[in-house]
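Here is what each chain is made of, one letter per residue.
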Amino acid sequence: MGILDNLLGNSRRSYGAKAVVTGAGSGIGRAFALELAARGGQVVCADVDKERADETVRLIARVHGATAHALFCDVADRGDMESLALHTELLLGGPPTLVINNAGVGIGGSPVGAVGLDDWQWALGINLWGVVHGCELFTPQLRARGSGGIINVASAAAFTAAPTMGPYNVSKAAVLSLSETLAAELSGSGVAVTVLCPTFVKTNVARDGRIDAAAMNLAETLMRWTGYSPERVVRMTLDANDRGRLYVLPQLDAQLIWLLKRQFPTLYTRGLGALNRLLPESDSTPSATATIDTEKTGV
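All values derive from a computational prediction rather than experimental measurement.

## Brief notes about the pattern of salt bridges
Per the stated rule, a full pass over the model turns up seven salt bridges. Across the pair E55 and R30 runs a salt bridge whose closest N-O atoms are separated by 3.6 Å. Of this pair, E55 sits in helix α3 (residues 50-64) while R30 is found in helix α2 (residues 27-38), placing the two residues 25 residues apart along the sequence. Notably, a salt bridge pairs D239 with R39, separated by 3.0 Å at the nearest N-O pair. Separated by 200 residues along the polypeptide, D239 in helix α10 (residues 230-242) and R39 in the loop between α2 and β2 (42-47) bring together distant segments of the chain. D239 sits in the partly exposed class, given a relative accessible area of 27%. Sharing partners across several salt bridges, the network here consists of E35, R39, D239 and D242.

Structure below.
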């Protein structure tokens, strides 16, 4: 890719990329890994569930006839992420050209004050610190190279501020802010930053998180009936990063909420509160939210 391509936003950095994807064992992460392989890339598939990452590698080999690499990584653990950065460089024969900080978990069903500090630390450790680790460790390599891309997977929860989803909302809002900050810092460097903020995508994020039964059933119903496929979201996001776009809001509902909240912030918040009061209350005790917990980050 040339300087002119970068200036015009016409890069094809997602094609033939040397990529690392966290949470590559399922859902959006797996879709990113498969699509990058389809675009001729080399992919390091990291996940806290090594068996899931291995399965993604086998799918890449079977579907695309390409070689990929699976690594265990708990993104919340600084040492694991430092090891991921080291092994990625060794496996790819150099630093990655595309970094996708995707690993995340779902959490919800309890209002602030009933969440429990352990759940706050768990959610922020994966959803926020996982992205912080990825940006801190890989950004210097991309900046030195003068080209490449970083894609951070956030959520429309970053700005919708839905009640009973405090830890999830906070973690994703922080990822959005981090991405905006990083995009400003890397402006003119040849490195493009993109943040993905979808509403519902058909993944296992609800079942693999700490979400009470009522909230999980609602989330899974909405995913089934209104959710986009991970493959569709991934193609849109990679194409956006190629064009140098910062924000990806794939669905119309996310775009409408984005505009509504900014134009009518007080009305928006009051409306959310009124809607929350109309919904049936769920059991928000710590024992209820902790029963659905498989501690997976491959979502």
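## What about the packing of aromatic side chains?
For the coordinates displayed, the defined rule picks out two aromatic pairs. Taking 5.0 Å as the distance between ring centres and 90 degrees as the angle between the ring planes, the aromatic pair formed by F159 and W258 counts as edge-to-face. Taken together, the residues span a long stretch of sequence, with F159 in helix α7 (residues 157-160) and W258 in helix α11 (residues 252-263) at a distance of 99 residues. Aromatic rings pair up to connect F159, Y247 and W258 into one cluster. Across the ring face of Y15, the terminal group of R12 is positioned such that the distance to the ring centre comes to 4.0 Å. Looking at R232, its charged tip hangs above the ring of Y228, at a distance of 3.8 Å from the centre.

## Structural notes on the pairing of β2
As a general feature of sheets, a regular strand has side chains that alternate between the two faces. Of all six residues in β2, five are buried, a share of seventy percent or more. Of the pairings in the sheet, the one linking strand β1 (residues 18-22) to β2 comprises five bridges and is parallel in character. When the bridges of β2 are listed, K18 appears paired with Q42. Chirality of the crossover, the property in question, places the unit of β1, α2 and β2 among those that are right-handed.

## A few points about unusual backbone geometry
Of note, the phi angle at A161 is positive, near 55 degrees, even though the residue is not glycine. Note that A161 resides in the loop between α7 and α8 (166-185). Unusually for a residue other than glycine, T164 sits at a positive phi of about 65 degrees. Checked against the element boundaries, T164 lands in the loop between α7 and α8.

## Some points on the side chain of R39
We classify R39 as buried; its relative accessible area is 9%. Only 2.8 Å separates the side chain of R39 from the side chain of S14, close enough to count as a polar contact. Only 3.0 Å separates the side chain of R39 from the side chain of D239, close enough to count as a polar contact. Setting aside residues no more than four positions away along its own chain, R39 makes contact with S14, Y15, G16, R235, L238, D239 and D242.

## Overview of a nonpolar patch on the surface
Among the surface-exposed residues, L260, F264 and L267 lie close enough to one another that they form a single nonpolar patch of about 310 Å² accessible area. With respect to the secondary-structure elements, L260 resides in helix α11.

## Here's the deal with the sheet that holds strand β9 (residues 247-248)
With parallel pairing, the seven strands of this open sheet are ordered in space as β3-β2-β1-β4-β6-β7-β9. With one partner strand each, in any of the chains shown, β3 (68-72) and β9 form the two edges of the open sheet.

## Thoughts on the pairing of strand β7 (residues 191-196)
Of all the six residues making up β7, six are buried; the element is thus mostly covered by neighbouring parts of the structure. Side chains of β7 alternate between two faces, with V191, V193 and V195 and A192, T194 and L196 buried alike. One ladder, built from six bridges, connects strand β6 (residues 148-153) with β7; its direction is parallel. In the strand pairing of β7, I151 is matched with T194.

## Remarks on the nonpolar core
In terms of nonpolar packing, the biggest core is built from 40 residues, with L84, F159, L176 and C197 touching the most fellow members. Judged by nonpolar contacts, the second largest core, of 29 residues, contains A24, A68, I151 and L196.

## Some points on the environment of A31
Topologically, A31 is positioned in helix α2. Using a relative accessible area of 6% as the deciding quantity, one classes A31 as buried. Sequence-distant contacts of A31, defined by excluding residues within four places in its chain, comprise P230, E231 and V234.

## Topic: the side chain of N101
Topologically, N101 is positioned in strand β4 (residues 98-101). Here N101 falls in the buried class, since its relative accessible area comes to 2%. Ignoring sequence-local partners within four residues, the contact set of N101 consists of T22, G130, V131, G134, C135, I150, I151, N152 and V153.

Cut-offs used in this document
Throughout, residues of each chain are indexed from 1 in the direction in which the sequence is written. For this predicted model, a pLDDT threshold of at least 70 governs which residues receive local features, and a threshold of 80 or more governs which side-chain atom pairs are given and counted, while totals over whole chains, interfaces and linings are taken from all residues. By convention in this description, side-chain values take in all heavy atoms of the structure and omit both hydrogens and water. A side-chain nitrogen of Lys or Arg and a carboxyl oxygen of Asp or Glu constitute a salt bridge if their distance falls within 4 Å. Helix numbers and strand numbers start at the N terminus; a helix is a DSSP run of H or I with at least 4 residues, a strand a run of E with at least 2. When accessible area is computed with a 1.4 Å probe and restricted to protein chains, residues below 20% of their type maximum are described as buried, those above 50% as exposed, and intermediate ones as partly exposed. The aromatic pairing rule takes the rings of Phe, Tyr and Trp, using the six-membered ring of Trp, and pairs them if the centres are within 6.5 Å, calling planes under 30 degrees apart stacked, those over 60 edge-to-face and the rest tilted. Working rule: Lys NZ or Arg CZ, within 6 Å of ring centre, within 35 degrees of ring normal, means a charge sits over the ring. Between any two strands, at least two bridges found by DSSP are needed for them to pair. Every crossover in which the path from the first strand over the helix to the second runs clockwise, viewed with the strands pointing away from the viewer, is termed right-handed. We call two N or O atoms a polar contact when they sit within 3.5 Å, provided that within protein one can donate a hydrogen and the other can accept it, with sequence-adjacent residues counted only if both atoms are side-chain atoms. It only takes one pair of heavy atoms within 4.5 Å for two residues to be counted as in contact. To count toward a patch, a residue needs a relative accessible area above 30% and no salt bridge. Like charges then connect within 9 Å, nonpolar side chains (Val, Leu, Ile, Met, Phe, Trp, Tyr) within 5 Å. Note on areas: Shrake-Rupley, 1.4 Å probe, and residue coverage restricted to the protein chains presented here. Nonpolar core, defined: a set of buried Ala, Val, Leu, Ile, Met, Phe, Trp, Tyr and Cys residues in which side-chain atoms within 4.5 Å join the residues together.

Treat this as a map of the structure, not an account of what it does.
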